[in-house]
Amino acid sequence: MIFIKSKYSSIYGFAFKLLLLAIFCLLTINCRQKDVKQSFPQKNHVSVSEKAININTASAQELEKLPNIGAKTAEKIIEHRERYGSFRKPEHLILVSGISDRRFREMRSLIKIE
């Protein structure tokens, strides 16, 4: 089989290489943008009340002052604290059975961790 090189084969070859280079550049730029977005997560800053309750030291009666927290839920918070240790972040309160994300958001500004 004999290949005859035409003037169009070099043009198509050049165009194909140029297309591959453009795709590579776009992928590289796209990956770098994702890395930048992932490396700087935005934190939601919540203003905490001066009268906020420290959930690591609060008694059941103090915890019951929080919205939608009754005696049973307050006891669950204390049991969780005794079993697993102090809460390191306020968001860890969601790990307690009976506290949903919605409930947590309602009381977020009323609790603190020290």
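Report on the accompanying structure. (Residues numbered from 1 in each chain as written. Predicted model: local features only at pLDDT ≥ 70, side-chain atom pairs only at ≥ 80, totals over all residues. Heavy atoms only, no water.)

## Regarding the environment of N54
Right, so step 1: When you line up the elements, N54 lands in strand β1 (residues 53-54).
Right, so step 2: Classification of N54 as buried rests on a relative accessible area of 10%.
Right, so step 3: Linking N54 and I113, residues 59 residues apart in sequence, is a C-alpha distance of 5.4 Å.
Right, so step 4: Those residues in contact with N54 that lie beyond four places of it in its chain are K112, I113 and E114. (Helix = DSSP H or I, 4+ residues; strand = E, 2+ residues; numbered from the N terminus. Buried < 20%, exposed > 50% of the residue type's maximum accessible area, 1.4 Å probe, protein only. Contact = heavy atoms within 4.5 Å.)

## A look at the environment of A60
Right, so step 1: By the secondary structure assignment, A60 is in helix α2 (residues 60-63).
Right, so step 2: Taking the C-alpha atoms as reference points, A60 and G70, ten residues apart in sequence, are found 8.9 Å from one another.
Right, so step 3: Ignoring any residue separated from it by four or fewer positions in sequence, one finds A60 in contact with A74, E75 and I78.

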